[in-house]
Amino acid sequence: MSEKKLWGGRFKERTNELVEEFTESVSYDKRLAPFDIAGSVAHVKMLEKQGILKPEEAQKIIEGLNQVLKEIEEGRFQWKRELEDVHMNVEKRLTEIVGPVGGKLHTGRSRNDQVATDVRLYVRKEIEEILDLLKAIRRAFWKQAKENLDVVMPGYTHLQIAQPVLYSHHMLAYYQMFKRDEERFKDTLKRVNVSPLGSAALAGTSYPLDREFTAKLLGFDGVTRNSMDAVSDRDFVAEMIFNCAMVMMHLSRLSEELVLWSTEEFGFVELPDAFCTGSSIMPQKKNPDVSELTRGKTGRVYGDLVAILTVLKGLPLTYNRDLQEDKEPLFDAIDTVKLSLKVNTLIVEGMKPRKERMREQAKKGFSLATDVADYLAKKGVPFREAHRIVGELVAYCLDKGKSLEDLSLNEFRQFSDKFDKDVLDLMSVEGSINSRNIIGGTAREQVEKEIERIREEEGFE
Ligand code: ARG
């Protein structure tokens, strides 16, 4: 059985050990310690400014808190499960160091507004790191695009060859996904970066705290406007995990393509050896395990999102202990997305498109059929009619084992007298690509412009 709790005044019996094991969070929330201490230091400075603490008391507490931080950073801190969570562990050690004055730290504060503050500070810092990682992966796609402008490939719909595109255009499609992810995190940050301190347990506090002052010290943009909401709001946690889930979904789509592209059947890219693994039985194998695991880990992060939404759905106002279950999904989602972004950035940087193979495939599957239909339509044939004519041409080719490029002008003219000699010039992959010269299209001119636009916007070199 453990020693008396910091909150143990009204209790006659000691806490059951199994209950301690069941209710503790210190095993995982200890990572919040630097934020917890920063929040406490700001709170103490404010208490002093308001005349609630004497300057010498405030100074002693701050020195004590700094020592606790040092012990934690140097790995000397003795975390105790029976002290429940990071907040109690820090406060208990503070009181050991500075004596009874340490007990004044918690004036006008509750663990409810304290933990809400800690989690917000933590999420803010993680958003900053994730923004950097998102920029790094965007740069990797941009570089692939910039350095491989001559690579053509088949574009797909329904995973069936559709129309030829530039490999660079395909790479910049991923750039856009991770650009939107950046916007989402930045938007979330607006709602994260407000200070709940001063909400106390749920109703505010009778001490004359200066909430704006504490908020400013901690770099918050403002203060929360309703104490009851502030101690029980975890919308920002759900949003954060959703943002992570969205990044994972984008990485998972990339992974799926890389798994396909690195097969013998596709043969579109060579993945860097350092990011693949071999088989213990089949000597010839080079498996895209990192991509597969990224796809797999996406499931974990979706699980984190469902977990937080489910924890929150039944909670009456205000704080309920269920809220402690916000942390593990949050930490897991953030850790997973950061590691996944790092390793996938290296893959994108290191992968090599197999130009010849892609070019070969770009023409397959009658990928120029739309161009032929557009040709007829431009000569006045209604597009639906043109579509039918080219469909018949394709059926003819399939019958004769030919492709569209193999057809003579005479053969074309059997299907429509609108075909002239220039239809034969149309039968090139580059011609098809460059004809889609419209903003957002795959023509080389457009893709080059886009690469320039991104260079300027992002400051990439
Ligand atoms: N460990 C708790 C949490 O994460 C801290 C807040 C505890 N508050 C309370 N009233 N028991 O939610």
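Residues numbered from 1 in each chain as written. Predicted model: local features only at pLDDT ≥ 70, side-chain atom pairs only at ≥ 80, totals over all residues. Heavy atoms only, no water.

**Focus on the pairing of strand β1 (residues 152-157)**
- In the sheet, β1 pairs with strand β2 (residues 160-166) via six bridges, with the strands oriented antiparallel. What sits directly across from Val152, in β2, is Leu166.
- With antiparallel pairing between neighbouring strands as the criterion, β1 and β2 make up a hairpin whose turn holds two residues, including His158 at a positive phi of roughly 55 degrees. (Pairing = 2+ DSSP bridges. Helix = DSSP H or I, 4+ residues; strand = E, 2+ residues; numbered from the N terminus.)

**Some details on the nonpolar core**
- Val123, Phe141, Phe178, Phe185, Trp261, Leu330 and Leu341 are the most contacted members of the largest nonpolar core, which totals 99 residues.
- The element contributing the most residues to this core is helix α6 (residues 111-147), with 15 residues.
- The residues contacting Leu330, other than those within four sequence positions of it, are Val119, Tyr122, Val123, Val237, Met240 and Ile241.
- One finds Val381, Ala386, Ile389 and Leu407 within the second-largest nonpolar core, a separate group that totals 20 residues. (Core = buried A, V, L, I, M, F, W, Y, C linked by side-chain atoms within 4.5 Å. Buried < 20%, exposed > 50% of the residue type's maximum accessible area, 1.4 Å probe, protein only. Contact = heavy atoms within 4.5 Å.)

**Quick look at the packing of aromatic side chains**
- Within this structure, the stated rule accounts for 13 aromatic pairs.
- Consider the rings of Trp261 and Phe268, whose centres lie 6.1 Å apart with planes at 55 degrees: the pair is tilted. Here Trp261 matches Phe268 in class, with each residue buried.
- A relative accessible area of 0% places Phe268 in the buried class. (Phe/Tyr/Trp six-rings, centres within 6.5 Å; stacked < 30°, edge-to-face > 60°.)

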